[in-house]
Amino acid sequence: MKKITGCLLFLAFSMILITGCVSGSSSAPVYSTLPVLTPTSIVATPVIEVYPPETTVENNTGKDRFPVKFVIDSQNSVISYAVDETFLNQNNRLATVVGKTSEITGELEIDLRNPSNISFGEFVVNIQTLRSDSSRRDSAIQNRWLESAKFPLARFNVREVKDFPQNPKENETIKFQIIGELTIRETTRPVTWDVSAMLKGDQILGKATTFIYMADWGIEPPSIAGVLTVKDGVTLNLEFAFLKQ
């Protein structure tokens, strides 16, 4: 009996489902609760393109590197000394003696956008190679008075640049001072040079002058009894040409 009753209930339940499906076909359509995807339903993710920032490239004229290095051109530079000699054996004839050499090294760096921003390296002169109009004088200077055979190098280090103009122009002569320390033999003393210079293309051209006393460096002024005496006081002149590197 229980088995027959279960079968009847199953048949009744099946009839109800069939009836519902038939009657639902004539009523309003039934929509699924799941969204229907269409091509317009998909929102594309925007693509962001990144471009590098614009850069400005200066002309390769040499002014696009700062600071610019200049090295002294020894072939077109000369340093000299000038002293006054009195020839006792020639009725006290007075003469100015000049000795020169081109064996000099040195360099500087300058910001061509702001030329007052300038720095100097050490300047070195081989004073053993100084030559005047007399080989006897040169030999005496090397071995007796200046002792350049024993101390061949004179050195100058810049400590300060004074009165350098703010806006110098190319091909314009400017004037300023360089203050530093000059070492001769084993003595170092302060020295001030008066400088005139000009920037001309890839060159810096000019002249520097100073006056010193030999006694300040422990050098005895040359004197030969009955022949000549030298006044203590030396003018140093540097005619220079620097080349841009």
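Above this note sits the structure.
Residues numbered from 1 in each chain as written. Predicted model: local features only at pLDDT ≥ 70, side-chain atom pairs only at ≥ 80, totals over all residues. Heavy atoms only, no water.

The full count for this structure, using the stated rule, is six aromatic pairs. On the basis of an interplanar angle of 65 degrees and a centroid distance of 5.5 Å, the ring pair of Phe240 and Phe242 is categorised as edge-to-face. Note on Phe242: relative accessible area 3%, which makes it buried. Taking NZ or CZ as reference, Arg93 lies 4.4 Å from the ring centre of Phe87, over its face. (Phe/Tyr/Trp six-rings, centres within 6.5 Å; stacked < 30°, edge-to-face > 60°. Buried < 20%, exposed > 50% of the residue type's maximum accessible area, 1.4 Å probe, protein only. Lys NZ or Arg CZ within 6 Å of the ring centre and 35° of its normal.)

Bringing the pairing of strand β5 (residues 107-110) into the picture now. Residues Leu108 and Ile110 line the buried face of β5, whereas the alternating positions Glu107 and Glu109 sit on a face that is not buried. As judged from the four bridges shared by strand β1 (residues 68-72) and β5, these two strands associate in the antiparallel manner. Residue pairing in the sheet places Phe70 in a bridge with Leu108 of β5. One ladder, built from three bridges, connects β5 with strand β6 (residues 118-120); its direction is antiparallel. When the sheet's bridge partners are listed, Ile110 is paired in β6 with Ile118. (Helix = DSSP H or I, 4+ residues; strand = E, 2+ residues; numbered from the N terminus. Pairing = 2+ DSSP bridges.)

For the rest of this paragraph, the subject is the nonpolar core. Residues Ile184, Trp193 and Phe240 are the most contacted members of the largest nonpolar core, which totals 47 residues. In this structure, Phe240 is in contact with Ile72, Asn76, Ser77, Val195, Ser196, Ala197, Ile204, Leu205, Gly206, Lys207 and Ala208, ignoring residues within four places of it in sequence. (Core = buried A, V, L, I, M, F, W, Y, C linked by side-chain atoms within 4.5 Å. Contact = heavy atoms within 4.5 Å.)

What the rule picks out here adds up to nine salt bridges. One salt bridge connects Glu107 with Lys69, and the closest N-O pair in it is separated by 3.6 Å. Here the residue Glu107 occupies a position in strand β5, and Lys69 occupies one in strand β1, the gap between them amounting to 38 residues. The salt bridge partner of Arg137 is Asp133, with a shortest N-O separation of 2.7 Å. (Salt bridge = Lys/Arg side-chain N within 4 Å of Asp/Glu carboxyl O.)

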